[in-house]
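# Coordinates in review
Each chain, letter by letter, is given below.
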Amino acid sequence: MKRLTAIIILLAATAVSSPAQIFRVGVRAGANISDYSFSDFTFNGVAISHGKPKAGFETALVARLTIITMLHVQAEFEYSRTGYGFTYVGDGEPGRSIKVHANRMEIPLELGVNIGPVRLFTGVAFRVAHNEKSNAPSLLKVEFNGSNTGIMGGVGLNIRRLFIDARITGYPRSPGKNTFIIDGDRRRVSVGRNLRWSLSVGVMF
């Protein structure tokens, strides 16, 4: 975190000291959807499978430094709420749809290339806080205990002060194991992928 703070301060100081560069701040907000996979399994007589993808939202404060016409760096402070769908089937019971929300606070840092009004960017996202909430916690809860450093990338479009971003965020160690808490008992489950696709609109001040 100290290193990250130093990077942001350095970017701001560089922007102030060099009039040829452009430093701008803004906000963005939009919707996201999860892309999460694991093999269906049965545990203590309960069958768990993944359900339909659920929509979520995200919002962020944005600081962008244009170094030269074709190159920029950007730092954000982002809050996201991502929904995950699961199906819970107990002995002799009909299937029940359960939704788990993952609330995350992250600091994405990106490097981008400007091609006219189009931006291509990639970078890393540092997770600084997170929690998960289930709409049926007595039946199923999930702890997304993967890496705290993600990889992100996407494409953006600048329209004067407005911009539109389409991006994907994932975690390198997500193909590992998450903790499923089923009827109070814990089980580690192998996860194939845990990605977040998002589309947002922002404005620079």
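Before reading further, recall that the structure is shown in the block above.
Every value quoted in this text rests on a predicted model; they were computed, and no experiment measured them.

## Remarks on the pattern of salt bridges
Tallied over the entire structure, the rule returns 13 salt bridges. Between Glu-76 and Arg-167 there is a salt bridge; the shortest N-O distance is 3.1 Å. Pair noted here: Glu-76 is in strand β5 (residues 71-89) and Arg-167 is in strand β10 (residues 162-170), with a separation of 91 residues, a long-range link. Overall, the relative accessible area of 3% leaves Glu-76 in the buried class. On the accessibility criterion, Arg-167 (3% relative accessible area) is buried. Between Arg-167 and Asp-165 there is a salt bridge, and its shortest N-O distance comes to 2.9 Å. Considered together, Arg-167 and Asp-165 belong to a single accessibility category, that of buried residues.

## What to know about the nonpolar core
Counting residues in each nonpolar core, the largest one holds 21 residues, and the members touching the most others are Tyr-36, Ile-48, Phe-86, Phe-180 and Ile-182. At the level of secondary structure, the elements contributing two or more residues to this core comprise β1 (22-38), β2 (41-43), β3 (46-50), β5, β6 (96-115), β8 (140-143), β11 (177-182) and β12 (185-204). In contact with Ile-48, other than residues within four places in its own chain, are Phe-38, Asp-40, Phe-41, Thr-87, Tyr-88, Leu-140, Phe-180 and Ile-182.

## Side note on empty space enclosed by the protein
Applying the stated criterion across every chain, the model contains two cavities of 30 Å³ or more. For the second largest cavity, the full set of lining residues is Glu-78, Pro-108, Ala-125, Met-152, Arg-167, Thr-169 and Arg-196. Residues that form the lining of the second largest cavity fall into these classes: three nonpolar, one polar and three charged.

## Focus on the packing of aromatic side chains
Evaluated as defined, the whole model comprises 11 aromatic pairs. Aromatic pair Phe-41 and Phe-180: ring centres 5.6 Å apart, planes at 85 degrees, arrangement edge-to-face. Of this pair, Phe-41 sits in strand β2 while Phe-180 sits in strand β11; the two residues are 139 residues apart in sequence, bridging distant segments of the chain. Taking the relative accessible area as the measure of exposure, Phe-180 reaches 0% and is therefore buried. Among the aromatic side chains, those forming a connected cluster through ring pairs are Tyr-36, Phe-38, Phe-41, Tyr-84, Phe-86, Phe-144 and Phe-180.

## Observations regarding the environment of Ile-182
Tracing the backbone through its elements, the reader meets Ile-182 in strand β11. Taking the relative accessible area as the measure of exposure, Ile-182 reaches 1% and is therefore buried. Along the primary structure Ile-182 and Lys-141 are separated by 41 residues, whereas in three dimensions their C-alpha atoms are 6.7 Å apart. Apart from the residues lying within four places of it in its own chain, the contact partners of Ile-182 are Phe-41, Phe-43, Val-46, Ile-48, Tyr-88, Leu-139 and Leu-140.

## A short note on the environment of Gly-176
Tracing the backbone through its elements, the reader meets Gly-176 in the loop between β10 and β11. Owing to a relative accessible area of 23%, Gly-176 belongs among the partly exposed residues under this scheme. Sequence-wise, Gly-176 and Ser-147 are 29 residues apart; in three dimensions their C-alpha atoms are separated by 9.4 Å. Once you skip the residues sitting within four places of it in the chain, Gly-176 turns out to touch Val-189, Ser-190 and Val-191.

## A short note on the pairing of β11
Along β11, five of the six residues are buried, which leaves the element largely enclosed by surrounding structure. Where β8 and β11 come together, four bridges link them in antiparallel fashion. The partner of Val-142 across the bridge, within β11, is Phe-180. Looking at chain direction, β11 and β12 are connected through six bridges and run antiparallel. Bridging from a neighbouring strand, Ile-182 pairs with Asp-185 of β12. Hairpin connection of β11 to β12: two residues between the antiparallel strands, including Asp-183 at a positive phi of 50 degrees.

Quick notes on the rules
Residues numbered from 1 in each chain as written. Predicted model: local features only at pLDDT ≥ 70, side-chain atom pairs only at ≥ 80, totals over all residues. Heavy atoms only, no water. Salt bridge = Lys/Arg side-chain N within 4 Å of Asp/Glu carboxyl O. Helix = DSSP H or I, 4+ residues; strand = E, 2+ residues; numbered from the N terminus. Buried < 20%, exposed > 50% of the residue type's maximum accessible area, 1.4 Å probe, protein only. Core = buried A, V, L, I, M, F, W, Y, C linked by side-chain atoms within 4.5 Å. Contact = heavy atoms within 4.5 Å. 1 Å grid on protein atoms, 1.4 Å probe; cavity = no way out; pocket = protein on both sides within 12 Å on 5 of 7 lines; lining within 4 Å. Points joined across faces, edges and corners; volume = space filled by probe spheres on them. Nonpolar A, V, L, I, M, F, W, Y, C, P; charged D, E, K, R; others polar. Phe/Tyr/Trp six-rings, centres within 6.5 Å; stacked < 30°, edge-to-face > 60°. Pairing = 2+ DSSP bridges.

All quantities given are derived from atomic positions and should not be read as evidence of function.
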